[in-house]
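Single-letter residue listing:
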Amino acid sequence: MENSTMKDSNRVVLAVMAAIALLMGLYLVLIAPGFMGSTMDKLILAKTKQATVFAAGPLSRLYVGAIYSGFEITAGLALIAISYAIFRGRKWSWPLAMLLLAIPAAANAYIGLGWIENLKQFPPAYITFFLSLAAFWAMLFLKKNDGKTKVAMFFVFTLLGMIASQAFIFFPHALRVIMKSPGAAILDPTVSILRQAGPLMFITVFLALAAVWLLAKRKRSGWYVALVSGLTIAVASFPVHYLRPTASLVPSETLEPSIFTSAYWMAGAQGVILIILLLIPFFKNQLVDKAEE
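Calculation notes
Residues numbered from 1 in each chain as written. Predicted model: local features only at pLDDT ≥ 70, side-chain atom pairs only at ≥ 80, totals over all residues. Heavy atoms only, no water. Helix = DSSP H or I, 4+ residues; strand = E, 2+ residues; numbered from the N terminus. Rg over C-alpha atoms; globule rule 2.2 N^0.38 Å. Buried < 20%, exposed > 50% of the residue type's maximum accessible area, 1.4 Å probe, protein only. Contact = heavy atoms within 4.5 Å. Areas by Shrake-Rupley, 256 points an atom, 1.4 Å probe, with all protein chains shown as cover. Expected span 1.5 Å × (residues − 1). Bend = angle between axes of the 7 residues up to and from the residue. Patch = residues over 30% accessible without salt bridge, like charges linked within 9 Å, V, L, I, M, F, W, Y side chains within 5 Å. Salt bridge = Lys/Arg side-chain N within 4 Å of Asp/Glu carboxyl O. Polar contact = N/O pair within 3.5 Å; in protein donor to acceptor, adjacent residues only side chain to side chain. Arc of directions from axis to C-beta. Lys, Arg positive; Asp, Glu negative; His and termini not counted.

Digging into the overall build of the chain
Here is step 1 of the chain: Broken down by element type, the chain carries 11 helices and zero strands.
Here is step 2 of the chain: Ordering the α and β elements of the chain from the N terminus gives α-α-α-α-α-α-α-α-α-α-α.
Here is step 3 of the chain: Rg of the C-alpha trace for the chain: 20 Å, near the compact-globule value of 19 Å for 293 residues, within the 12% margin.
Here is step 4 of the chain: The buried share of the chain, reckoned over its 293 residues, is 47%.
Here is step 5 of the chain: Sequence separation of 24 or more characterises 72% of the internal contacts of the chain that already satisfy a separation of 6 or more.
Here is step 6 of the chain: Looking at the chain as shown, the accessible area adds up to about 14400 Å², and 70% of this sits on carbon and sulfur atoms.

Observations concerning unusual backbone geometry
Here is step 1 of the chain: Here K120, not a glycine, exhibits a phi torsion of approximately 55°, which is positive.
Here is step 2 of the chain: Within the secondary structure, K120 is located in the loop between α4 (93–119) and α5 (125–142).

Side note on helix α8 (residues 189–216)
Here is step 1 of the chain: In this model α8 runs 40 Å from its N-terminal to its C-terminal C-alpha over 28 residues, within 8% of the 40 Å that 1.5 Å per residue would give.
Here is step 2 of the chain: In α8, a bend of some 30° at Q196 exceeds every other bend along the element, and P199, a proline, comes one to four places later.
Here is step 3 of the chain: Looking one or two residues past α8, R218 carries a phi angle of roughly 65°, positive in sign.

Comments concerning a nonpolar patch on the surface
Here is step 1 of the chain: A contiguous nonpolar patch, built from V151, F155, V272, I276, I280 and F282 and spanning about 460 Å² of accessible area, is present on the exposed surface.
Here is step 2 of the chain: Broken down by secondary-structure element, the contributors of at least two residues to the nonpolar patch are α6 (147–180) and α10 (263–279).
Here is step 3 of the chain: Mapping V151 onto the fold places it in helix α6.

Brief notes about the environment of R61
Here is step 1 of the chain: Considering the arrangement of structural elements, one finds R61 in helix α3 (residues 56–87).
Here is step 2 of the chain: Those residues in contact with R61 that sit more than four places away from it in its chain are M40, L43, I44, Y110, I111 and G114.
Here is step 3 of the chain: At a separation of 3.4 Å, a polar atom in the side chain of R61 contacts the main-chain carbonyl oxygen of Y110.

Some words on helix α2 (residues 32–47)
Here is step 1 of the chain: Taking 1.5 Å per residue as the helical rise, α2 with its 16 residues ought to reach 22 Å, and the 23 Å between its terminal C-alpha atoms agrees with that figure.
Here is step 2 of the chain: Taken together, the buried positions of α2 are occupied by A32, M36, T39, M40, L43 and I44. What you see down the axis of α2 is that its buried residues fit within an arc of 110°, all on one side.

Quick word on the side chain of R218
Here is step 1 of the chain: Here R218 lies in the loop between α8 and α9 (220–243).
Here is step 2 of the chain: Salt bridges are absent for the buried R218, whose nearest opposite-charge side chain, D289, sits at 5.7 Å.
Here is step 3 of the chain: Of note is the side chain of R218, whose polar atom sits 3.0 Å from the backbone oxygen of Q286.
Here is step 4 of the chain: Here L287 takes part through its backbone oxygen, which lies 3.1 Å from a polar atom of the side chain of R218.

This is the structure we're talking about:
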């Protein structure tokens, strides 16, 4: 009787996770593109005199946003495709769902950031950000794992998502600054540093997302990929902060630039925190399957 109850409970959990994957997939395919398009278009139109004068910032946003939109829709299609496999309890399906949900949760911070900075409004794309994040956390806690494993995954996976999000913001920033003044990217150290930092940020996005997928599978390789993602964003961020110590987290002329107002320093600190967490035996033991040792 007890085994039957447990099986019924497990079926309910699998059904709920499958429903989350299916509904989020449908949302990403049918609704999210509209929110993303309206977010991108209104900001670009405002910054380009109604699409008549394009500078480096709007151009980089247009290109990066257009490329990312394909990834977001594909993630939605994949969630729809694997929803039945999740319902059937296929072992591979949950880690893949975590990866797919992490993509819009990480990327939409950049898509909507310009609205907050320039239009002082809540961007429609942040609806996708919050829904994806909620679905990501729900899938994490619904998965059958012991409490300690869920706690370790929550902190490490959330930090990996934050790192991927930061890196996805900083890569277009580097692209914009270099496009604005290619000569300075060669002659000015405060700009040329972005020639190294930008690519490292681009790579970090994929490292952090891959770490989520591999750690969801409890793979030891995931621990190493997560470690490298922390190292990479730290190595990319701290030099930029010290060469460009602008007060990027607060409105201009309010606070003096410092480590507490620098987005790059904060990103580097997140990388260091991730490294420390991964080196703590509690987190390492809970994240990696003992059979992987």
